[in-house]
4 protein chains.
Amino acid sequence: MEINGVYIEDTFAEAFPIWVSRVLITAATKKWAKIAATEATGFGCSVIMCPAEAGIEKYVPPSKTPDGRPGFIIQICHPKKSELEHQMLERLGQCVLTCPTTAIFDAMGDMADEQLKVGFKLKFFGDGYEKKDELYGRKVYKIPIMGGEFITEAKFGIKKGVAGGNFFIMADTNASALIAAEAAVNAIASVDGVITPFPGGVVASGSKVGASNPKYKFMVATTNHKMCPTLKGVVEDSEIPEDVNGVYEIVIDGVDEESVKEAMKQGILAATRVKGVKKITAGNYGGKLGKYQFNLRELFE
Amino acid sequence: MEINGVYIEDTFAEAFPIWVSRVLITAATKKWAKIAATEATGFGCSVIMCPAEAGIEKYVPPSKTPDGRPGFIIQICHPKKSELEHQMLERLGQCVLTCPTTAIFDAMGDMADEQLKVGFKLKFFGDGYEKKDELYGRKVYKIPIMGGEFITEAKFGIKKGVAGGNFFIMADTNASALIAAEAAVNAIASVDGVITPFPGGVVASGSKVGASNPKYKFMVATTNHKMCPTLKGVVEDSEIPEDVNGVYEIVIDGVDEESVKEAMKQGILAATRVKGVKKITAGNYGGKLGKYQFNLRELFE
Amino acid sequence: MEINGVYIEDTFAEAFPIWVSRVLITAATKKWAKIAATEATGFGCSVIMCPAEAGIEKYVPPSKTPDGRPGFIIQICHPKKSELEHQMLERLGQCVLTCPTTAIFDAMGDMADEQLKVGFKLKFFGDGYEKKDELYGRKVYKIPIMGGEFITEAKFGIKKGVAGGNFFIMADTNASALIAAEAAVNAIASVDGVITPFPGGVVASGSKVGASNPKYKFMVATTNHKMCPTLKGVVEDSEIPEDVNGVYEIVIDGVDEESVKEAMKQGILAATRVKGVKKITAGNYGGKLGKYQFNLRELFE
Amino acid sequence: MEINGVYIEDTFAEAFPIWVSRVLITAATKKWAKIAATEATGFGCSVIMCPAEAGIEKYVPPSKTPDGRPGFIIQICHPKKSELEHQMLERLGQCVLTCPTTAIFDAMGDMADEQLKVGFKLKFFGDGYEKKDELYGRKVYKIPIMGGEFITEAKFGIKKGVAGGNFFIMADTNASALIAAEAAVNAIASVDGVITPFPGGVVASGSKVGASNPKYKFMVATTNHKMCPTLKGVVEDSEIPEDVNGVYEIVIDGVDEESVKEAMKQGILAATRVKGVKKITAGNYGGKLGKYQFNLRELFE
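Residues numbered from 1 in each chain as written. Chains lettered and ligands numbered in written order. Predicted model: local features only at pLDDT ≥ 70, side-chain atom pairs only at ≥ 80, totals over all residues. Heavy atoms only, no water.

Before going further, it helps to examine the overall build of chain A. For chain A, the helix and strand inventory stands at 5 helices and 18 strands. A compact globule built from 301 residues would reach a C-alpha radius of gyration of about 19 Å, and chain A, at 21 Å, matches this within 12%. Dimensions along the principal axes, computed over C-alpha positions, put chain A at roughly 65 × 45 × 30 Å. Counting every position in chain A, which comprises 301 residues, the buried fraction comes to 68%. Sequence-distant contacts, at least 24 apart, represent 74% of the contacts inside chain A between residues at least 6 apart. When the accessible area of chain A is evaluated, it comes to approximately 10,500 Å², of which 47% is carbon and sulfur surface. Mean positive and mean negative side-chain charge positions of chain A (35 and 37 charges, respectively) differ by 3 Å. (Helix = DSSP H or I, 4+ residues; strand = E, 2+ residues; numbered from the N terminus. Rg over C-alpha atoms; globule rule 2.2 N^0.38 Å. Buried < 20%, exposed > 50% of the residue type's maximum accessible area, 1.4 Å probe, protein only. Contact = heavy atoms within 4.5 Å. Areas by Shrake-Rupley, 256 points an atom, 1.4 Å probe, with all protein chains shown as cover. Lys, Arg positive; Asp, Glu negative; His and termini not counted. Charge placed at Lys NZ, Arg CZ, Asp CG, Glu CD.)

Okay, the domain arrangement of chain A next. Residues and elements named next belong to chain A. Annotation of chain A at the domain level lists domain 1 (2-14 + 162-299) and domain 2 (19-159). Taken over C-alpha atoms, the centre of domain 1 sits 30 Å from the centre of domain 2. Surface buried jointly by domain 1 and domain 2 totals about 1,100 Å² across both partners, of which 58% is contributed by carbon and sulfur atoms. Where domain 1 meets domain 2, there are 1 salt bridge. Here Asp-192 makes a salt bridge to Lys-58, at a shortest N to O gap of 3.0 Å. Of all the secondary structure elements, the ones that give two or more residues to the side of domain 1 that touches domain 2 are strand 12 (194-195) and strand 16 (246-254). Its residues placed into classes, the side of domain 1 that touches domain 2 shows 8 nonpolar, 2 polar and 3 charged. (Domains from an automatic or database assignment. Buried area = accessible area lost by both parts, 1.4 Å probe. Salt bridge = Lys/Arg side-chain N within 4 Å of Asp/Glu carboxyl O. Nonpolar A, V, L, I, M, F, W, Y, C, P; charged D, E, K, R; others polar.)

A few words now on a positive patch on the surface. Residues A:Lys30, A:Lys34, C:Lys30 and C:Lys34 make up a contiguous surface patch of positive charge. Contributing elements (two or more residues each) for the positive patch: helix 1 (30-41) of chain A together with helix 1 (30-41) of chain C. For C:Lys34, the location among the structural elements is in helix 1. (Patch = residues over 30% accessible without salt bridge, like charges linked within 9 Å, V, L, I, M, F, W, Y side chains within 5 Å.)

Here we take up the relation of the copies chain A and chain B. It takes a turn of 180° to lay chain A on chain B, together with a shift of 0.0 Å along the axis; the resulting RMSD is 0.0 Å. Taken together, the turn and the small shift mark the pair as related by a two-fold rotation axis. When C-alpha distances to the rotation axis are compared across chain A, the minimum falls at A:Gly42, with a value of 1.9 Å. (Least-squares fit on C-alpha atoms with pLDDT ≥ 70 in both.)

Right, let's get into helix 1 (residues 30-41) of chain D. The periodicity of an α-helix, 3.6 residues per turn, causes residues three or four positions apart to be oriented the same way. All names here are of chain D. Taking 1.5 Å per residue as the helical rise, helix 1 with its 12 residues ought to reach 16 Å, and the 16 Å between its terminal C-alpha atoms agrees with that figure. Restricting attention to buried positions, one finds in helix 1 the residues Trp-32, Ala-33, Ala-36, Ala-37, Glu-39, Ala-40 and Thr-41. A positive phi of about 45° marks Phe-43, the residue just after helix 1. (Expected span 1.5 Å × (residues − 1).)

Before going further, it helps to examine unusual backbone geometry. Phi at A:Asp127 is positive, roughly 60°, even though this residue is not glycine. Looking at the secondary structure, you find A:Asp127 in the loop between helix 3 (118-122) and strand 8 (131-135). Judged by its relative accessible area of 2%, A:Asp127 falls in the buried class. One non-glycine residue, C:Tyr136, adopts positive backbone phi at about 55°.

Once that is clear, we can look at the relation of the copies chain A and chain C. Once chain A has been moved 0.0 Å along the axis and rotated by 180°, it coincides with chain C to within an RMSD of 0.0 Å. Interface overlap between copies: 100% of the residues of chain A at the interface are likewise at the interface in chain C, consistent with a symmetric, same-surface contact.

What follows is about the pattern of salt bridges. Under the criterion given, the structure shown has 44 salt bridges over all chains. One salt bridge connects A:Lys261 with A:Glu258, and the closest N-O pair in it is separated by 3.5 Å. One end of the pair, A:Lys261, and the other, A:Glu258, are both in helix 5 (residues 257-272), 3 residues apart, so they sit about a helical turn from each other. On the basis of relative accessibility, which here comes to 28%, the residue A:Lys261 falls in the partly exposed class. Notably, a salt bridge pairs B:Glu9 with B:Lys279, separated by 3.6 Å at the nearest N-O pair.

Before going further, it helps to spend a moment on the side chain of C:Thr152. Residue and element names in this part refer to chain C. With respect to the secondary-structure elements, Thr-152 resides in strand 10 (residues 148-153). Classification of Thr-152 by relative accessible area gives buried; the value is 0%. Not counting residues up to four positions away in its chain, the partners in contact with Thr-152 are Ile-104, Gly-119, Leu-122, Lys-139, Val-140, Tyr-141 and Ile-143.

Okay, the interface of chain A and chain C next. Taken together, the 19 residues of chain A in the interface contact 19 residues of chain C. The three residues of chain A that bury the most area against chain C are A:Thr29, A:Asn186 and A:Arg273, which together make up 29% of that side's buried surface. Inspection of the chain A/chain C interface yields 0 salt bridges. For the interface between chain A and chain C, the tally reads 4 residue pairs in polar contact (both at pLDDT 80 or more). Broken down by secondary-structure element, the contributors of at least two residues to the side of chain A that touches chain C are helix 1 and helix 4 (174-188) of chain A. Of the residues forming the side of chain A that touches chain C, the biggest block, 5 residues, is contributed by helix 4 of chain A. Class assignment for the residues of the side of chain A that touches chain C results in 8 nonpolar, 6 polar and 5 charged. (Polar contact = N/O pair within 3.5 Å; in protein donor to acceptor, adjacent residues only side chain to side chain.)

Attention now goes to the pairing of strand 9 (residues 138-145) of chain B. Residue and element names in this part refer to chain B. Taking burial as the measure, the 8 residues of strand 9 include 6 buried ones, the bulk of the element. Between strand 8 (residues 131-135) and strand 9, which pair antiparallel one after the other, the connecting turn spans 2 residues, and Tyr-136 there sits at a positive phi close to 55°. Relative to strand 10 (residues 148-153), strand 9 is paired through 6 bridges, and the arrangement is antiparallel. Within the sheet, the bridge partner assigned to Ile-145 lies in strand 10 and is Gly-148. Once strand 9 ends, the chain turns through 2 residues before running back antiparallel as strand 10. (Pairing = 2+ DSSP bridges.)

Before going further, it helps to examine the side chain of A:His225. Within the secondary structure, A:His225 sits in the loop between strand 15 (221-223) and strand 16. Here A:His225 falls in the buried class, since its relative accessible area comes to 4%. Filtering out sequence-adjacent residues up to four positions away, A:His225 remains in contact with A:Lys208, A:Ser212, A:Leu231, A:Val235, A:Asp237, B:Asp127 and B:Tyr129.

Looking now at the packing of aromatic side chains. On inspection of all chains with the given rule, the structure shows 36 aromatic pairs over all chains. Aromatic rings pair up to connect A:Phe120, A:Phe124, A:Tyr141, B:Tyr216 and B:Phe218 into one cluster. Directly above the aromatic system of A:Tyr59 lies the positively charged group of A:Lys30, at a separation of 4.1 Å from the ring centroid. Over the face of the ring belonging to A:Trp32 we find A:Lys31, whose NZ or CZ atom lies 5.7 Å from the ring centre. (Phe/Tyr/Trp six-rings, centres within 6.5 Å; stacked < 30°, edge-to-face > 60°. Lys NZ or Arg CZ within 6 Å of the ring centre and 35° of its normal.)

This paragraph deals with the interface of chain A and chain B. Facing 74 residues of chain A, the contacting portion of chain B comprises 74 residues. Here chain A is connected to chain B by 4 salt bridges. A salt bridge links A:Lys31 to B:Glu182; the shortest N-O distance between them is 2.3 Å. Counting across the chain A and chain B interface gives 28 residue pairs in polar contact (both at pLDDT 80 or more).

Our next topic: the confidence of the model for chain A. Low pLDDT marks stretches whose predicted atomic positions should not be read closely. For chain A, per-residue confidence averages 97 on the pLDDT scale, and 100% of positions sit at 70 or higher. The ipTM assigned to the predicted complex is 0.97, against a pTM of 0.97. (pLDDT = per-residue confidence, 0-100.)

What follows deals with the packing of helix 4 of chain A against helix 4 (residues 174-188) of chain D. Closest axis-to-axis distance for the helix 4 of chain A/helix 4 of chain D pair is 7 Å, and the angle between their directions is 80°. In this view, helix 4 of chain A runs roughly perpendicular relative to helix 4 of chain D, as classed from their interaxial angle. Where helix 4 of chain A approaches helix 4 of chain D, its residues A:Ala175, A:Ser176, A:Leu178 and A:Ile179 are matched on the opposing element by D:Ala175, D:Ser176, D:Leu178 and D:Ile179. Grouping the amino acids of the contact of helix 4 of chain A with helix 4 of chain D by side-chain chemistry returns 6 nonpolar, 2 polar and no charged. (Axes fitted to C-alpha atoms, helices over the stretch in contact; angles between N-to-C directions. Parallel < 35°, antiparallel > 145°, perpendicular 65-115°, else oblique.)

This part is about helix 4 of chain D. An ideal rise of 1.5 Å per residue puts 21 Å on 15 residues; helix 4 of chain D measures up with 21 Å between its terminal C-alpha atoms. Of all 15 residues in helix 4 of chain D, 15 are buried, a share of seventy percent or more.

Pasting the structure below:
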């Protein structure tokens, strides 16, 4: 199959279940909402070594938020429910509560599988001076702080979502692959329910499970040497085509299979429109590890 | 003492020792260096609940970096040396190694008290395909990745620095205090050797040790009720002056006492130039907890 | 009338007819589309002294643009049709054609009153090497340039729109008014069909027609002294309330009356949510100069 | 000659005299200073069709500005002195005076060849309510506006500078050339005294004087067909090497020859460090039109 002249490999992305929270951060101005959302989702690429997977899902204009102020929806994700709650308390308590003029509301709504009492736990910071209230049809706590009052919804919904949706962009040069990756991330940014948790949404260093080097057996993950352009003539099992010199991966987490598939589709479409892109493929473990399989070609049927 | 008509309280900021690393992240473009630096320093406000204190210190133009590419110096800080190394490995390995076109170099140089073999440990990701080399007079590892080769210096210096330099901005309205806080952060950004680790450099929710509410004794820290404008007429021990309705704090970490003091000085100067600022004060524990005391008035002698 | 506790004056904004063009600029990445849109709409606040009124209306995601790439819709406006064409040729020819990876498409569509052959005229830059083509159901020209081929739609629609929709935000301090103005601009940014052409969308220096000072009669416009907080106790005809010390104006241009009214409504709502805002009013010339009158209170009926 | 493996052609950039102004715009925060600087320098790529050439030269931290606030130095340039004054009045009067919290100061200082009474003329906007004063050792006017008082220095220095310093980046793919162009602009941004007036600092559509197509003789300038990659096999006089598929130009204006040469040097160095760049060349008219000639190879001697 070719799309916009780019070969789409007959393969699939293998993805995993993950617990997802979806929090709306509002602030007096879009700028401060963005600052809080960025800080709260930093150091959140992959749970391999980060304490959570996190990212900004989308901007919500004032006319669509409970308090009529500009906001950003972020996702914080973790495979373990208890650890997700821990991460929410830390990230919201340290990176949003501390940020000027912010407030937080649940953005999972009816999609939620369960409710976590994150706001209830944050309110203890109020030292008894906090107030329970109902605002905009939501149960909230108002916590007095130096910057005024911090509003947090009492409960935040979480649901079983999908982690690790992915595709690889292979191009004639590193620069072509990089521009295509940026274009893909731009496209995915407009799909509801998903985040691209890596820096700028792009992965420059793909990994494989374990190590092939016998001396490095202590490593949990090492570079995916088959996908390294500089090892094209060096390793026997290279999967880099002759005309490819640049590879980037896009990784997607989302609230459900449909949103991740839509994100993969839009991202791939955008990447194929960039000159120099030669091939799109995806990462999997032969279907042995992950619960979900997203076939690339089926996205376009 | 008054500066630009603003009262400077006769008090001091109480600060603490912390281990500081200083890493230069370069990339093909300033944009990608910024993305990596932002991701690597996210979720890094305070070690009370974040796994590290981290921030972007400054931009370094191509003419001043080892590889002639644009870069940002970040600081990653932790009170415990072993935990600092852990955080460096995780943040550099997950948020920079994965970011397109980046490389990392030590930026502590001769100031270092000790060297951590962070690059040496990161290189195992190369699965044996990595190469040891010397570039720009530095010992580096070249790790093959999808995006080409990731260059990391072998060792990164760390030193005993200072955490928790601070001052409070009190103004007629919340908005005046907020603009003044932003101005202060802008000014501090040009002081070498320091970071302002909170979101946008500003703290909206100051805390005190423990809780005053007997039911909340399980809390390690709660809101500094004396500094909450909405509690001015509510609590007996409020420290909010009659004409003050907005308070923000600036927290500063740095490589040494001198840089933190210079940052406090420049930040306070900038804040006092904003209309509506009434008073500058600082946070301390009566001098009982911290190793360092920075008297506000002495900064201007 | 009060909204969120803020007094809405019983007055109206007086606005004028203006010719409006609406151009979609797409690029390989959102970043480059934004750069082109920003350059093309710069120096475009008011036709009093700028050669056009111009601004970015909104971002359009790849899934919604003709070429599947990220784009921004800009508006370029001028009271004279011939001058609008001139401005479009200059701004698109010098600030977009020159910008890497961009393309331009008509975004006025069926709303257009007339069509200007802007693409047809730009194509002469191709020196005969350009090609006429049909892409995405649109007639376009492909002009060979260093960066590849520049695609421009042949014709761009223009329509009679509205210039000078406005409201004034009066607050307790300059900083409160500034934060409220930023919030208002954030809210207006999500209304289709409008731009806020001044810097950051905000006007800091309102003007009146002519001068009151007899020595300054040569001036076409001078400061609206009645609205200057620093002249509150100085001029007899000051309109600054006792409790107001900061005033900013928001000016709105748009494709029709409905969009400008909706923008005024959303902007005022957002401003009234910011603490310290005391009053909303609007600017008019007693109804003698402008074709349109937008009563503030009627916006909320 | 090769630099970092990239061929540097033995040719020269041909540049022209231009009148240059250098204005420091300060504001309460870096953000608002940037907004004003961006608006004031927009629609300012080339005097071929823009009313001026303009750009942001550099950021100046609060500790280095007269009023201790963050600022940006912009340049506004025009071949004619009278037209430069006109442009300064319009751009500063419409795009900075109107922007919240800004002030403007001369940044040409002792370099100036002449002084323009720009502040003196702007003050008439004050309708007689303005005040003459001396601040920070400078003669200024304080003009009452809605946002408080606008401070403008009375006189602004201008000098005979240099327009049209340039070099071309030729690379294997469009994307490689684009990343290299961005890297070059990043590097030039740290050279004092210069601007890169085109969008994002990059020129995607180089032009030649007049037209080669006899039917297009009415055109003042048309596409430089020799430098268009898509015309490589089409026109006989193509100058695109076999292995080149992407070309971008960097154009530099500056206060003097030395600063423009330093900018060309730093820009070329940065471009050659990007993978895929094949050749650097420059644009000239055989030395017949411009006053200045900057030989590429001599930059590196």
